[in-house]
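Coordinate inspection notes
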Amino acid sequence: MKDGFICVAAGTPQIRVADCRYNAEQIFIMMREADKQGVKILALPELCLTGYTCGDLFLQDTLLDGAAEGLRTILEATRHLEVLTVLGMPVRNRWDNKLYNCAVVIQKGEILRLIPKTYIPNYGEFYEQRWFSSGKGVDVLADLCGQQVHMGTDVILACETMPDLVVGVEICEDIWAPEPVSTALARAGATVILNLSASNEVVGKAAYRRQLVVGQSGRLCCGYVYADAGEGESTTDAVFTGHNMIAENGALLAEHRFSTGLTIGEIDVGRLVYDRRRMNTFTPPEKNPVDDAHGLGIGRSTFTLTPTATKIRRYISPTPFIPENAADRANRCEEILTIAALGLKKRLQHTGAGTAVVGLSGGLDSTLALLITALAMGMLHRPASDIIAITMPCFGTTDRTKNNAVLLAERMGATLRTIPIGDTVRSHFRDIGHDLEDHDVTYENAQARERTQVLMDVANQTGGIVIGTGDLSELALGWATYNGDHMSMYGVNASIPKTLVRHLVDYVARDNRKKDEELTHVLEDILDTPVSPELLPAVQGEITQRTEDLVGPYELHDFFLYHIIRWGFGPRKVLRLAEQALGRRYSREVILKWLKSFYRRFFAQQFKRSCLPDGPKIGSVSLSPRGDWRMPSDAVARLWLEELEGIN
């Protein structure tokens, strides 16, 4: 429950058809095991107390009495268990003399709710309408195991000790219907949907079922726990395989099939609530959820859970911007390059630009900008010579980076210009009275601004536009000279984080290995070059200014950036996830140090992001001030830093 996580499970007990006593024993054993595993919410299959395949036996009092007695046994055996459990059984309502296929919500020996199935199938091998009535509109008090329990479909269960955890329940066919029950439940506030199912197995059905569950979790921005009937059901006409799934907002977290037992995972309720908050398309029902004993709206029941730290079982990627599967990574790189090039293609067309001017340093960012620009020119059927690549050596430029810039421009077919700026910068220092030996921020920024001036003026000379090279990570940290490399006429790298820049360049290098070995060689050397702005003098021809020594590892900063901006996570949660994902490479102290640095820099440098030039959005995280990130430049980081300072 800590940091918004809740441990959930879908369970498939081994049962015997119509043997309620045996089934009850298997169910409470599974509940106890779930409790030992730290599970707080457990979903069990549809009609699991009797078996889904009882057929006409459902109409006999002997089976119904046996089911009630089995439930009584479960309640007694689990009266000390806190795990909120939802199991399936037939329930007769003596008031209207109908039989309902119900989900029974229990906790600590108490029945909290009875939720009947809404959509009753009557096709293929499913003949439920022969025995069960639809629960739609039902709103009664039922007597079960000596307890008076409310029965109705229009209810969600809210956790008093974890306000964002709100549970809704639907049963099997309810999700397959044109208007799934879960849709109304989620709109009323349910963040976790439990589905008690008995879905038989036929060839190809598992893929569709998976698509259905995962898709519903994405549409509703919710966690979805699907518990399926399995071994023990009758195989007279169908086979059940216990296809259990846990999904969250369009992603499959855990899945088991062809087995009984528990499928355990944790749902990040905090993440779901944040995403709903930022989406104005996720609308509540016309009537607000209220306690409503007459079924006029979606009523709320409550339950409590003791707050505990939830063990994180899910995999946390250390590189959230980069797919770890090689094939997926290659597809992602190709897609990003195409999106960015299409954006620039449109801008070149619209402005009628005669040239595209790129400042080429021999580093990763300018290399990627040149590669994207070349793609855009190709899309326009224009020669690469319409790209003017300018290298501007100064005090910190090394032979390695200069030579790589020259070689790269030549291999790409760009028009290369070398414009040394050392004399101009020295003249500027004399004009403003700055000591050439004082290597302060003025010393560094004067070079960056002079380079931008050269690029802008050459663009004016040639009727072109300046292509920006700054990446998303630099924008987040403010690692750019205001009105220097911070400025351009179109920033093609603006929403590409530094860790992804490296993979994009590597992808092009690999893709060209057979077509242009020399291009691949220079790209590989650029990839091997330390990241540096090269604004301080080199020592014995080697780079002395290494960016990651100054601002911290980009691997960490990109991880922070993704979880802070995409999901709105707070400092404690980001730290916890970073330790989970990157703890083997970085100590807690190192992660905490650079996380504090990230927050300080992110808040202090907003003014640079508030006036960014245009650039194509390529992913879910962007800092464009025109839509994706709107933040006042005077915002104070105190609350975030105080939260970090309070961490032991």
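Summarised in this report is the structure supplied together with it.

Criteria and cut-off values
- Residues numbered from 1 in each chain as written.
- Predicted model: local features only at pLDDT ≥ 70, side-chain atom pairs only at ≥ 80, totals over all residues.
- Heavy atoms only, no water.
- Helix = DSSP H or I, 4+ residues; strand = E, 2+ residues; numbered from the N terminus.
- Buried < 20%, exposed > 50% of the residue type's maximum accessible area, 1.4 Å probe, protein only.
- Contact = heavy atoms within 4.5 Å.
- Areas by Shrake-Rupley, 256 points an atom, 1.4 Å probe, with all protein chains shown as cover.
- Lys, Arg positive; Asp, Glu negative; His and termini not counted.
- Charge placed at Lys NZ, Arg CZ, Asp CG, Glu CD.
- Pairing = 2+ DSSP bridges.
- Axes fitted to C-alpha atoms, helices over the stretch in contact; angles between N-to-C directions.
- Expected span 1.5 Å × (residues − 1).
- Polar contact = N/O pair within 3.5 Å; in protein donor to acceptor, adjacent residues only side chain to side chain.
- Parallel < 35°, antiparallel > 145°, perpendicular 65-115°, else oblique.
- Left-handed = near helix turned anticlockwise from the far one by under 90°.
- Nonpolar A, V, L, I, M, F, W, Y, C, P; charged D, E, K, R; others polar.
- Right-handed = clockwise from strand over helix to strand, strands pointing away.
- Phe/Tyr/Trp six-rings, centres within 6.5 Å; stacked < 30°, edge-to-face > 60°.
- Salt bridge = Lys/Arg side-chain N within 4 Å of Asp/Glu carboxyl O.

Along the backbone of the protein chain there are 20 helices and 20 strands. Expressed as lengths along the three principal axes of its C-alpha atoms, the size of the protein chain is roughly 100 × 50 × 45 Å. Residues classed as buried in the protein chain amount to 57% of the 648 residues present. Long-range pairs, those at least 24 residues apart, make up 73% of the contacts in the protein chain between residues at least 6 apart in sequence. About 27700 Å² of surface is accessible on the protein chain, with carbon and sulfur atoms providing 48% of the total. Here the protein chain contributes 69 positive and 80 negative side-chain charges, whose respective centroids are spaced 1 Å apart.

Before going further, it helps to examine unusual backbone geometry. A positive phi angle is found at K108, which is not glycine, with a value near 50°. Position of K108 relative to the elements: it lies in the loop between β4 (98-107) and β5 (110-116). With a phi close to 45°, N249 is a non-glycine residue in the positive phi region.

Bringing the sheet that holds strand β11 (residues 223-228) into the picture now. Either a parallel or an antiparallel arrangement is found when strands of a sheet pair, and the pairing is made through backbone hydrogen bonds. Spatially, the 7 strands line up as an open sheet ordered β13-β12-β11-β10-β9-β8-β15, and their pairing is mixed. At either margin of the open sheet sits one strand with a lone partner, and together these are β13 (251-256) and β15 (299-303). For this sheet, the mean angle separating the axes of adjacent strands, direction not counted, is 20°. Relative to strand β10 (residues 192-197), strand β9 (residues 166-171) is paired through 5 bridges, and the arrangement is parallel. If you follow I171 over to β10, its bridge partner there is L196.

Counting buried residues along strand β12 (residues 244-248), 5 of its 5 residues qualify, which places the element largely inside the surrounding structure. Examined bridge by bridge, β11 and β12 share 4 bridges and lie antiparallel to one another. In the strand pairing of β12, Y226 is matched with M245. Two elements, β12 and β13, share 5 bridges in a ladder whose sense is antiparallel. For E248, the partnering residue across the bridge sits in β13 and is A251. As consecutive antiparallel partners, β12 and β13 are separated by 2 residues, and within that stretch N249 has a phi angle of approximately 45°, a positive value.

Now for the environment of G484. Residue placement: G484 occurs in the loop between α12 (472-477) and β20 (490-491). With a relative accessible area of 0%, G484 lands in the buried category. Along the sequence, G484 and N445 sit 39 residues apart, while their C-alpha atoms lie 7.3 Å from each other. Apart from residues lying up to four places away in sequence, G484 is in contact with A448, R449 and T452.

Right, let's talk about helix α5 (residues 205-219) for a bit. Given 3.6 residues per helical turn, the α-helix brings residues three or four places apart onto the same face. Under the 1.5 Å per step criterion, the end-to-end length of α5 is 21 Å for 15 residues, consistent within 8% with the ideal 21 Å. Among the residues of α5, those classed as buried are K205, A206, R209, L212, V213, V214, Q216 and S217. Positive backbone phi, at 50°, marks C221, one or two positions downstream of α5.

Turning to the side chain of K117, a few remarks are in order. Here K117 lies in the loop between β5 and β6 (139-144). Given the relative accessible area of 1%, K117 is considered buried. For K117, the side chain forms a polar contact with the side chain of E46, separated by 2.7 Å. In this view, K117 contacts E46, N101, E128, S133, S134, G135, I171, C172, E173 and D174; residues no more than four positions away in its chain are not counted.

Our next topic: the packing of helix α13 (residues 498-511) against helix α14 (residues 517-527). Close contact between α13 and α14 brings their axes to 9 Å; oriented N to C, the two are set at 160°. Classed by the angle they form, the pair α13 and α14 counts as roughly antiparallel. The element α13 and its partner α14 pack so that their crossing is left-handed. Facing α13, whose interface residues are R502, V505, D506, V508 and A509, α14 presents T520, L523, E524 and L527. Of the residues in the contact of α13 with α14, the class split is 5 nonpolar, 1 polar and 3 charged.

Once that is clear, we can look at the pairing of strand β18 (residues 415-418). Sheet topology note: the strand β17 (residues 387-391)/β18 ladder contains 4 bridges and is parallel. Along β18, the bridge assignment pairs T391 with T418. Taken together, β17, helix α9 (residues 399-412) and β18 form a β-α-β motif whose crossover is right-handed.

In the structure shown here, the tally under the stated rule is 14 aromatic pairs. Aromatic side chains F58 and W131 sit 5.9 Å apart centroid to centroid with 55° between the ring planes, which places their arrangement in the tilted category. Linking F58 in the loop between β2 (41-43) and α2 (61-77) with W131 in the loop between β5 and β6, this pair joins segments that are 73 residues apart in sequence. What makes F58 buried here is its relative accessible area of 0%. Given the relative accessible area of 14%, W131 is considered buried. Judged by centre distance (5.8 Å) and plane angle (25°), the ring pair of F429 and Y443 falls under stacked. Of this pair, F429 sits in helix α10 (residues 422-432) while Y443 sits in helix α11 (residues 441-462), placing them 14 residues apart in sequence. With respect to burial, F429 and Y443 carry one shared label: buried. Clustering of aromatic rings is evident, with ring pairs tying together F560, F598, Y599, F602, F603, W629 and W640.

Strand order across the open sheet formed by 5 strands is β18-β17-β16-β19-β20, with parallel pairing between neighbours. Pairing within the sheet leaves two strands with one partner each, and these edge strands are β18 and β20. Across 4 bridges, strand β16 (residues 356-359) lies against β17 in parallel orientation. Opposite A356, over in β17, you have I387 as the bridge partner. Helix α8 (residues 364-379) contacts β16, β17 and β19 (465-468) of the sheet and is inclined by roughly 165° relative to β16.

Tracing the chain through its elements places E579 in helix α17 (residues 571-582). A relative accessible area of 28% places E579 in the partly exposed class. In the structure, E579 is positioned 261 residues away from P318 in sequence and 9.6 Å away in space, judged by C-alpha atoms. Excluding its chain neighbours within four sequence positions, the residues that come into contact with E579 are R588 and I591.

So, on to the pattern of salt bridges. Under the definition given, this model contains 38 salt bridges. Put simply, K573 and D268 hold a salt bridge, and the shortest N to O gap is 2.5 Å. Here the residue K573 occupies a position in helix α17, and D268 occupies one in strand β14 (residues 261-268), the gap between them amounting to 305 residues. Comparing K573 with D268, the two get one shared label, buried. For R588, the salt bridge is made with E579, and the minimal N-O distance between the two is 2.7 Å. Residue R588 is classed as partly exposed on the basis of its relative accessible area, which comes to 28%.

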